[in-house]
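Examination of the molecular architecture
Read off the chains here:
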Amino acid sequence: MINFQKKQIKIISFVIAAVFVLSIVAIGVSQYDTGMASAASSSNVGVVDYRQLVSSSPQLAQVRQQLQDEQKKAEDDFNAKAATMSDQEKSDYAGKVREDMLKKQKELLDPIMETVKANVQSVADAKGLAVVLDKNSVIYGGQDITQDVMNKMKKQ
């Protein structure tokens, strides 16, 4: 019975870690807007590699460390409390921990996303671009401003 509980704790810990990793990717992907600019000429359309901009953000390393610390703390807390819980209580608590981790992740990543968006808008305005799309949604055309935005972010 004890071996079974240890196995469940390991499985739940693995699930928490997997959710953490997947949610970082999901938040990054969900935060950028994609769209079509059918009437815009290519001279007024800019493209950026949004994922590259987020991953090159100077604050991202600090955020990753904070998220890892929070995950470790959550796992330790879960392991300590799970020893005295029923299976249903463990499942409910694991769901609450996952929800809390997602909230914390959003809280820490939102400022980075806003900084990237502000820098993209600033560079686009300076270049007179009417529309900026994510590079992954553009097949052809558009002025790539990714490097310009990265340079602006590094100066801050």
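Basis of the calculations
- Residues numbered from 1 in each chain as written.
- Predicted model: local features only at pLDDT ≥ 70, side-chain atom pairs only at ≥ 80, totals over all residues.
- Heavy atoms only, no water.
- Buried < 20%, exposed > 50% of the residue type's maximum accessible area, 1.4 Å probe, protein only.
- Helix = DSSP H or I, 4+ residues; strand = E, 2+ residues; numbered from the N terminus.
- Arc of directions from axis to C-beta.
- Contact = heavy atoms within 4.5 Å.
- Salt bridge = Lys/Arg side-chain N within 4 Å of Asp/Glu carboxyl O.
- Axes fitted to C-alpha atoms, helices over the stretch in contact; angles between N-to-C directions.
- Parallel < 35°, antiparallel > 145°, perpendicular 65-115°, else oblique.
- Left-handed = near helix turned anticlockwise from the far one by under 90°.
- Nonpolar A, V, L, I, M, F, W, Y, C, P; charged D, E, K, R; others polar.
- pLDDT = per-residue confidence, 0-100.
- Lys, Arg positive; Asp, Glu negative; His and termini not counted.

1. A closer look at helix α5 (residues 146-155)
Within the sequence span of α5, burial applies to Thr-146, Val-149, Met-150 and Met-153. Burial along α5 is one-sided: seen end-on, the buried residues are contained in an arc of 100°. The inward-facing, buried residues of α5 contact β1 (45-48), α2 (50-55), α4 (87-127) and β3 (143-144).

2. Observations concerning the pattern of salt bridges
Under the definition given, this model contains 8 salt bridges. In this structure, the salt-bridge partner of Lys-81 is Asp-77, at a minimum N-O distance of 3.6 Å. Pair noted here: Lys-81 and Asp-77 are both in helix α3 (residues 60-82), with a separation of 4 residues, about one helical turn. Of the charged contacts in the structure, one is a salt bridge between Lys-103 and Glu-99, with a shortest N-O distance of 3.5 Å. With a gap of 4 residues between them, Lys-103 and Glu-99 both fall in helix α4, about one helical turn apart.

3. Re the packing of α4 against α5
Two quantities define a packed helix pair, namely the angle between the axes and the distance from one axis to the other. Two numbers describe how α4 lies on α5: the axes approach to 9 Å, and their chain directions differ by 120°. Comparing their axes, α5 and α4 come out oblique. Of the two elements, α4 crosses α5, and the hand of that crossing is right-handed. From α4, Val-116, Asn-119, Val-120, Ser-122, Val-123 and Lys-127 reach across to α5, where they touch Asp-148, Val-149, Lys-152 and Met-153. Among the residues making up the contact of α4 with α5, the classes are represented as 5 nonpolar, 2 polar and 3 charged.

4. Some thoughts on the confidence of the model for the chain
Caution is warranted with low-pLDDT regions, since their predicted coordinates should not be read in detail. Residues at a pLDDT of 70 or more form 73% of the chain, whose mean pLDDT is 79. No element of the chain has a lower mean pLDDT than helix α1 (residues 2-30), at 61, and none a higher one than β1, at 92. In this model, residues 32-42 is a region of pLDDT below 50 whose contacts with residues beyond four sequence positions or in other chains number 11 contacts.

5. Some thoughts on the side chain of Asp-49
Along the chain, the position of Asp-49 falls in the loop between β1 and α2. Although Asp-49 lies buried, it forms no salt bridge, and the closest oppositely charged side chain, Lys-135, sits 5.5 Å away as judged by the N-O distance. Apart from residues no more than four positions distant in its own chain, Asp-49 is found in contact with Asp-134, Lys-135, Asn-136 and Thr-146.

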